[in-house]
Amino acid sequence: MTEKTFMAGFGGQGIISLGMLWVYCAMKEGLEVTFFPFYGAEKRGGIARASVVVSDREIASPLVTSPDSSIVMNLDSLPLCEAIAKQGGTLIVNSSLVKVDPKRTDLRVISVPCNELAEEIGDAKFANMVMMGALSKATGAVKLDKLEAVLKTFFPESKHKFIPMNMKAIEAGRAAV
Amino acid sequence: MAEEKKLMKGNEAIGEAAIRAGCRAYFGYPITPQNELTAYMAKNMLDKKRVFIQAESEVAAINMVYGAAATGTRTMTSSSSPGMSLKQEGISYLCGADLPAVLVNVARSGPGLGGISPGQGDYFQATRGGGHGDYYHMVFAPKSVQEAADLTYEAFDLADKWRMPAMILADGLIGQMMEGVVLPEERDLASLPEKPWAAGQGGGPRHVSSCILVPEELEAAVRVRFARYEEVRKAETRFEEVNIEKAELVFVAYGTSSRVALGAVELAKKAGMELGLFRPISLWPFPSARLAELAAKGKRFLAVEMSMGQMVEDVRLSVASSAGAGKADVQFYGRCGGVIPSEEEVLAEARRILGK
Amino acid sequence: MELTYGHPKSLKPIQTKYCPGCGHGVIHRLVCEVIDELGVQERSVIMNPVGCSIWADLYFDFDSVQVPHGRTPAGATGVKRCLPDHLVVCYQGDGDLAAIGTAEIIHAANRGEHFTGIFVNNAIYGMTGGQMAPTTLIGQKATTAPYGRDPGEAGMGYPIRVCELLATLEGTRYLARGAVNTAANTRKTKQYIKKAFEMQLRGEGFGLVEILSPCPTNWAMKPGEAVEWLEENMISFYKLGEVKNTIDAASASPATKEATR
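Residues numbered from 1 in each chain as written. Chains lettered and ligands numbered in written order. Predicted model: local features only at pLDDT ≥ 70, side-chain atom pairs only at ≥ 80, totals over all residues. Heavy atoms only, no water.

Participant: What should I look at first to understand the overall build of chain B in this one?
Facilitator: Assigned secondary structure in chain B consists of 12 helices and 16 strands. C-alpha extents for chain B along the principal axes are approximately 70 × 50 × 45 Å. When the accessible surface of chain B is totalled, it reaches about 12,600 Å², and 53% of it is carbon and sulfur. Distance between charge centroids for chain B: 2 Å, based on 40 positive and 44 negative side chains. (Helix = DSSP H or I, 4+ residues; strand = E, 2+ residues; numbered from the N terminus. Areas by Shrake-Rupley, 256 points an atom, 1.4 Å probe, with all protein chains shown as cover. Lys, Arg positive; Asp, Glu negative; His and termini not counted. Charge placed at Lys NZ, Arg CZ, Asp CG, Glu CD.)

Right, here's the structure in full:
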């Protein structure tokens, strides 16, 4: 199993935290991982993109150029994600911000209203975690079955109070697929 | 017992490996894409009461390294391409004074200010003695965060062993990406090798210098150093081979581009084609002898680089010394400017060459 | 009988390569006398710079580290941070310190590095053969200022007063300017060096002693004329004395107090 994921959105949507947590959970599930955030000169705003690979064997290129799955967090990212998706690949679209349907017909498109679901939980900032739940359910690559224990080792003690919110968001994402 | 696998950025893993190898003095100047490394050293060296200085320039940083190395201290600096250019003066002096040090280049794309995206255009500078004068130093190119940590750790031992700098030539992708890494064990500082040549230990004066103004004496000193280079070539040449036996065409690539080439090997396999990968790990010394052997067996090569073609010159020189000299086919595919080639385009180039 | 004067133990008893009338020999001796008096020969390191004093390792009978041109304070920083209990002497000429190495000296001084700068100012480039230095006086001739240093039309800039420049930095504690053109000035200079070395050994921040020194060869003068020229031309521009002294008077040793009386 190798799952190559391309994650795209705008700065501030938590793309980097999402990618990092995704590979951290994968690593804790015994997988090989690589996470390459595209870095730019600007420190705020702009685009946020990341190449993320999880696999049960050694990973070749960390650069995802033909993704099995893509995360489309905002409208601007849709054309690129659609263009590079591999034949029959999966597109998980944040339908809160992306109201346009992809043109390609070979893709498996999953719409998840991440912002709305996160707001229902109590904070739109958890939209990225909703997306992570959806990615887990849609790909099965990272099970997230020991989530609470893993989150406890990921977050420092001072942030543990946010773990229940993260878990709720991830659950909501799962349920939306 | 091996430590638990940690998720780390390449830049941070290099820093932690250096600390564990017994680096007692780090000097650096901010430059993207290696900033996390300098910040990591600031926090962790100071926590351990070791020496950390954010220098006023790369020029100052490398000369602080020179001063620290002259006292026998395990020391390191890190930078990225434009900063490494500035350090070349100091590197020449380190080599001229036979001082060990670890140098990390998290390379970006040039020339000039260029861009901050990953590049491999510093190969010539790194492997040919980028400053003035007759010299080389060791250069190791990691392909992953794990290898970046392992090679950095080992680089301190090798630099001490051979009394010369050892460079880790990474790039922005290796520095910025996160992977799982099992860190090497922390060295006991008391267990580090003795350096009877170093200044500051009493028992009669010791002079650390690269200055020899009598031509015959300087020549003799350079020849001694070059005899040592031959020993380094024999002992420290490193490479990795993947699917070479069956391969119709062998990619030659290091660092990030070797990961891409490995991806192309895997894609090819799925399509029923046998391609191979020869990955130099030590760029100096370059694994020429093995490439010559493979050329003599009739292997064909495609060098893949994130440059306009630098390492490919070493591949050509290597195969020129093989039994089948002149016949060996060495092709080149490169991207530059910070563009990382995709495994698909590398495979397409292999197909074009093979006519498949 | 008590020996009251002799060759310093830290200075090798050999003839130097310096030109007749050059100040380096005297300055080397002053440095070594103080090192002997402080009893730190075994734990002293001299940074020998690029310039005439590159041969420091031939003369000083203790450890030396030779660095690239101008990078002397950076090298000294590396040495001192790794050998904090050693006396580190950063010996520099005016080209090394005030031209190519300005960034290094300013930042080492600003960090308050615990080494001592010995800055030999002879207002000219010696080793390379008489080119204009940052400290060359206005109107003074040099091979690269054949009509004299002209800050106006020729745009050659003004002589830099290094002690005064460094005095603005919080990291500097002791900055003094002496000269070796007369016996009295030489004695005074030695006192400055001793204060600066003692301060270093107490770990009290950055100190530097600038020393006006004759270069008869490149000034195209006889040694006797050179010491007079220094007195008449250099001292009027580069005023002698302690430019900055924030060392707590109480922490100075009785010997130093005696000597400075």
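Participant: How should I be thinking about the packing of helix 9 (residues 255-270) of chain B against helix 12 (residues 343-354) of chain B in this particular structure?
Facilitator: The packing of two helices is summarised by the inter-axis angle and the distance between the axes. All names here are of chain B. Relative orientation of the contacting elements helix 9 and helix 12 amounts to 65°, with a least axis distance of 8 Å. When the axes of helix 9 and helix 12 are compared, the pair comes out roughly perpendicular. Once helix 9 is placed against helix 12, the crossing between them reads as right-handed. In this structure, helix 9 uses Val260, Gly263, Ala264, Leu267 and Ala268 to contact helix 12, whose residues at the interface are Glu343, Glu344, Val346 and Leu347. Its residues placed into classes, the contact of helix 9 with helix 12 shows six nonpolar, one polar and two charged. (Axes fitted to C-alpha atoms, helices over the stretch in contact; angles between N-to-C directions. Parallel < 35°, antiparallel > 145°, perpendicular 65-115°, else oblique. Left-handed = near helix turned anticlockwise from the far one by under 90°. Contact = heavy atoms within 4.5 Å. Nonpolar A, V, L, I, M, F, W, Y, C, P; charged D, E, K, R; others polar.)

Participant: So what exactly am I meant to see when it comes to the nonpolar core here?
Facilitator: What tends to happen in soluble globular proteins is that the nonpolar side chains get buried as a cluster. In this structure, B:Met41, B:Met76, B:Phe251, B:Leu275, B:Phe301 and C:Val65 are the most contacted members of the largest nonpolar core, which totals 150 residues. If you tally residues by element for this core, the top one is helix 6 (residues 145-162) of chain B, at 10 residues. Looking at which domains feed residues into this core, each of domain 1 (6-236) and domain 2 (240-354) of chain B supplies at least three. With residues near it in sequence (within four places) discarded, B:Phe251 still touches B:Ala261, B:Ala264, B:Val265, B:Leu275, B:Gly276, B:Leu277, B:Phe278, B:Leu302, B:Val304, B:Val346 and B:Ala350. Formed by 46 residues, the second largest nonpolar core is a distinct cluster that contains A:Trp22, A:Val23, A:Leu117 and A:Leu135. (Core = buried A, V, L, I, M, F, W, Y, C linked by side-chain atoms within 4.5 Å. Buried < 20%, exposed > 50% of the residue type's maximum accessible area, 1.4 Å probe, protein only. Domains from an automatic or database assignment.)

Participant: Looking at this structure, I do not really get the interface of chain B and chain C. What am I missing?
Facilitator: One frequent convention defines the size of an interface as the accessible area lost when the parts assemble. At the junction of the two partners, chain B supplies 34 residues and chain C supplies 30 residues. Across the chain B/chain C interface, buried area totals approximately 2,400 Å², and carbon plus sulfur atoms make up 60% of it. Scanning the region where chain B abuts chain C turns up two salt bridges. Linking B:Glu89 and C:Arg71 is a salt bridge whose minimum nitrogen-to-oxygen distance equals 3.0 Å. One can count 15 residue pairs in polar contact (both at pLDDT 80 or more) joining chain B with chain C. Those elements that place two or more of their residues in the side of chain B that touches chain C are strand 2 (25-28), strand 3 (51-54), helix 3 (58-70), helix 4 (81-96) and strand 10 (207-208) of chain B. Per element, the largest residue contribution to the side of chain B that touches chain C is eight residues, and it comes from helix 3 of chain B. For the side of chain B that touches chain C, the per-class residue count stands at 17 nonpolar, 13 polar and four charged. (Buried area = accessible area lost by both parts, 1.4 Å probe. Salt bridge = Lys/Arg side-chain N within 4 Å of Asp/Glu carboxyl O. Polar contact = N/O pair within 3.5 Å; in protein donor to acceptor, adjacent residues only side chain to side chain.)

Participant: Quick question: what am I supposed to make of the interface of chain B and chain A here?
Facilitator: Residue-level contacts link 27 residues of chain B with 24 residues of chain A. Between chain B and chain A lies a buried interface of about 2,100 Å² when both sides are counted; carbon and sulfur atoms form 60% of it. Its largest share of buried area at the contact with chain A, chain B owes to B:Leu7, B:Met178 and B:Arg259, together 27% of the area lost on that side. At the surface where chain B touches chain A, the tally comes to five salt bridges. B:Glu4 is paired through a salt bridge with A:Lys28; the nearest N and O atoms lie 2.7 Å apart. In this assembly, chain B and chain A are joined by 11 residue pairs in polar contact (both at pLDDT 80 or more). Elements supplying a minimum of two residues to the side of chain B that touches chain A: strand 1 (6-9), strand 6 (115-118), helix 7 (172-176), strand 9 (178-181), helix 9 and helix 12 of chain B.

Participant: What is the right way to read a negative patch on the surface from this model?
Facilitator: All names here are of chain C. A surface patch of like charges, here negative, comprises Glu225, Glu228, Glu231 and Glu232. You can see Glu232 is positioned in helix 9 (residues 223-237). For Glu232, a relative accessible area of 57% gives the class exposed. (Patch = residues over 30% accessible without salt bridge, like charges linked within 9 Å, V, L, I, M, F, W, Y side chains within 5 Å.)

Participant: Just to check I follow, could you spell out helix 5 (residues 147-154) of chain A for this structure?
Facilitator: Because an α-helix packs 3.6 residues into every turn, residues spaced three or four apart end up facing the same way. Residue and element names in this part refer to chain A. If you check which residues of helix 5 are buried, you get Leu147, Val150 and Leu151. Axial view of helix 5: buried residues confined to an arc of 100°, hence all on one face. Looking at the buried residues of helix 5, the elements they touch are helix 1 (15-28) and helix 6 (163-175). (Arc of directions from axis to C-beta.)

Participant: In this structure, what is going on with the sheet that holds strand 3 (residues 47-55) of chain A? I would like to understand it.
Facilitator: Sheets are built from strands that pair by backbone hydrogen bonding, the pairs being arranged parallel or antiparallel. Ordered by their spatial adjacency, eight strands build an open sheet running 6(A)-5(A)-4(A)-1(A)-3(A)-2(A)-9(B)-1(B), and the pairing between neighbours is mixed. Strands at the two margins of the open sheet, each flanked by one partner only, are strand 6 (108-112) of chain A together with strand 1 of chain B. For this sheet the average axis-to-axis angle between neighbouring strands, irrespective of direction, equals 20°. For strand 2 (residues 32-37) of chain A and strand 3 of chain A, the ladder comprises six bridges, and the chain directions are antiparallel. Looking at strand 3 of chain A, one finds that A:Pro37 is bridged to A:Ala50. Packing of helix 6 of chain B onto the sheet brings it into contact with strand 1 and strand 9 of chain B, and relative to strand 9 of chain B it is tilted by some 60°. (Pairing = 2+ DSSP bridges.)

Participant: Would you mind showing me how to read the arrangement of the chains here?
Facilitator: Of all two pairs of chains in contact, the one with the most contacts involves chains B and C. Regarding chain A and chain C, the two do not touch, and the least distance separating their C-alpha atoms is 27 Å.

Participant: When you look at the pattern of salt bridges in this model, what are you seeing that I'm missing?
Facilitator: Two side chains bearing opposite charge may form a pair once their charged atoms approach each other closely. As enumerated under the stated definition, the model contains 53 salt bridges over all chains in all. In this structure, the salt-bridge partner of A:Glu58 is B:Lys143, at a minimum N-O distance of 2.9 Å. With one member in each of two chains, A:Glu58 in the loop between strand 3 and strand 4 (69-72) and B:Lys143 in the loop between strand 7 (138-140) and helix 6 form a pair that bridges those chains. With a relative accessible area of 14%, B:Lys143 lands in the buried category. Across the salt bridge formed by B:Arg279 and B:Glu147, the nearest N and O atoms sit 2.8 Å from each other. Remark: B:Glu147 occurs in helix 6 and B:Arg279 occurs in strand 13 (residues 275-280); sequence separation between them is 132 residues. The same class applies to B:Arg279 and to B:Glu147, which are both buried. Salt bridges sharing partners connect three or more residues here, namely A:Glu58, B:Lys143, B:Glu147, B:Glu240 and B:Arg279.

Participant: Mind showing me how you'd approach the environment of B:Leu169 here?
Facilitator: Here B:Leu169 lies in strand 8 (residues 165-171). Using a relative accessible area of 5% as the deciding quantity, one classes B:Leu169 as buried.

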